[in-house]
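# Structural description and commentary
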Amino acid sequence: MPKIACVIPAYNEARNIVRVITEVRPFVDDIIVVDDCSTDDTFALAQTAGAQVLRHPINRGQGAALETGNTYALDHNADIIIHFDGDGQFLASEIHDMVAPLLSDSADIVFGSRFLGKKANLPFAKKYLIYPLATVFTRYILGIKLSDPQNGFRALNRRAAEIIKIANRGMAHASEIQTKTFKNKLRVAEVPITVIYHHFGQRLSGGFRIMRDLLIHKIIK
Amino acid sequence: MLQQIIALVIIIFFVTRLFKQKTKQEIGLNEFRLWLIFWSIAAVAIIFIKQLDYLVVRLGFSGSGINFLIYLAVLALFYLVFRLRLELAKTDRQLTELTREITLRPKK
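For clarity, every value in this text was computed on a predicted model and none was experimentally measured.

### Comments concerning the overall build of chain A
- Within chain A, the secondary structure is distributed over eight helices and seven strands.
- Computed over its C-alpha atoms, the radius of gyration of chain A comes to 16 Å, within 12% of the 17 Å expected for a compact globule of 221 residues.
- Sorting the 221 residues of chain A into buried and exposed places 48% on the buried side.

### Some points on the sheet that holds strand β6 (residues 154-157) of chain A
Residue and element names in this part refer to chain A.
- Taken together, the seven strands give an open sheet; going across it, the order is β3-β2-β1-β4-β6-β5-β7, and neighbouring strands pair in mixed fashion. Of all strands in the sheet, those with a lone pairing partner are β3 (52-55) and β7 (188-192), marking the two edges. For this sheet, the mean inter-axis angle between neighbouring strands, taken without regard to orientation, is 20 degrees.
- Alignment of strand β1 (residues 4-10) against strand β4 (residues 80-83), held across four bridges, turns out to be parallel. Directly across from Ile4, in β4, lies its bridge partner Ile80.

### Topic: the nonpolar core
Residue and element names in this part refer to chain A.
- Counting residues in hydrophobic clusters, the biggest one holds 57 residues, and the most contacted among them are Cys6, Val7, Ile32, Val33 and Ile82.
- Top contributing element to this core by residue count: β1, with six residues.
- Each residue touching Ile32, except ones within four places of it in the same chain, is listed here: Ala5, Cys6, Val7, Ile8, Ala51, Gln52, Leu54, Gly69, Tyr72 and Ala73.

### Some points on the domain arrangement of chain B
- Examined at the domain level, chain B breaks down into domain 1 (1-47) and domain 2 (64-108).
- The centre of domain 1 of chain B, based on its C-alpha atoms, is set 18 Å off from the matching centre of domain 2 of chain B.

### Details of the interface of chain A and chain B
- At the junction of the two partners, chain A supplies 19 residues and chain B supplies 17 residues.
- Elements with a contribution of two residues or more to the side of chain A that touches chain B: β3, α3 (62-75) and α8 (204-220) of chain A.
- The biggest single contributor to the side of chain A that touches chain B is α3(A), with six residues.
- Residues belonging to the side of chain A that touches chain B are distributed by class as follows: nine nonpolar, three polar and seven charged.

### Description of helix α1 (residues 17-24) of chain A
Residue and element names in this part refer to chain A.
- Every buried residue of α1 is listed here: Ile17, Val20, Ile21 and Val24. For α1, the angular spread of buried residues about the axis comes to 95 degrees, placing them on one side.
- Turning to α1, the residues buried within the fold contact β1, β2 (30-35), α2 (42-48) and α4 (95-103).

### Concerning unusual backbone geometry
All names here are of chain A.
- Unusually for a residue other than glycine, Cys37 sits at a positive phi of about 60 degrees.
- With respect to the helices and strands, the residue Cys37 is situated in the loop between β2 and α2.
- We classify Cys37 as partly exposed; it has 17 C-beta atoms within 10 Å.
- Backbone geometry places Lys185, a non-glycine residue, at a positive phi of 55 degrees.
- Mapping Lys185 onto the fold places it in the loop between α7 (173-183) and β7.
- Its 9 C-beta neighbours within 10 Å are what place Lys185 among the exposed residues.

Thresholds, definitions, all that
Residues numbered from 1 in each chain as written. Chains lettered and ligands numbered in written order. Predicted model: local features only at pLDDT ≥ 70, side-chain atom pairs only at ≥ 80, totals over all residues. Helix = DSSP H or I, 4+ residues; strand = E, 2+ residues; numbered from the N terminus. Rg over C-alpha atoms; globule rule 2.2 N^0.38 Å. Buried ≥ 20, exposed ≤ 12 C-beta atoms within 10 Å, placed from the backbone. Pairing = 2+ DSSP bridges. Axes fitted to C-alpha atoms, helices over the stretch in contact; angles between N-to-C directions. Core = buried A, V, L, I, M, F, W, Y, C linked by C-beta atoms within 7 Å. Contact = placed C-beta atoms within 7 Å. Domains from an automatic or database assignment. Nonpolar A, V, L, I, M, F, W, Y, C, P; charged D, E, K, R; others polar. Arc of directions from axis to C-beta.

Structure below.
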């Protein structure tokens, strides 16, 4: 059986991390929590919950934490890597659906999508302002044809994880992963997922920051 | 005329430096292209300074040389800030790589 590792980037997630680890455990072989220099008890709690916990000595952002987790998972012979948020907004039971296209070898990377029919209690401003703008940007500027421009729930096979090296340390990593997927002609699948919003998350200003980061990284590449 | 020649010599100096940086792989292809375009536009502007002066007047700005120099100075400041931003982004990326190395070192 392929070895499945779940990478969970976490920053000050003491309230949710134990529950997330407990829920994810039945569906994967390894759980790698990357504590991005939290100031609360995330590190200790994740260790107690039985995850392999890596800790950044300084805060570097979600993209950086994911790449650290990917590197560790690849070094420890993972065949499939899941990216899963540490705040409990995704359903661990849907990992099964996410890895199915990889297990059947019909895709190299699977993106979760909030816009393919499943429940996602998106805040009004996100649904009708931020995501339509983000979709226009990713579709017409970056050339990405996916239904969800910013989703943290994804699954990669070993080949995809080796090819896609995440350079954007902040939230622009989601667009970067999608861009590199298409640029490297990886086989893509989209799977409907459920998202339970506990907080608003990315704002419009965050969207502009993502565009700026993508541009700067494109220049200094 | 002399001022134009001096300005062009300065630009040639920076372009030569740019090619050296590219050969030594100190900068990537995209950055190389960006600065090459920047210096090329500057060189064209200096060569066609009279036409540019005419254009500046047509656009409604004062034709006096001192004003034009101020516009150039503002542009130069924009350039320096932008360059600083890129340098900062490079350092930031290196810091992330170092953080990752330290994080993974005892675990490998």
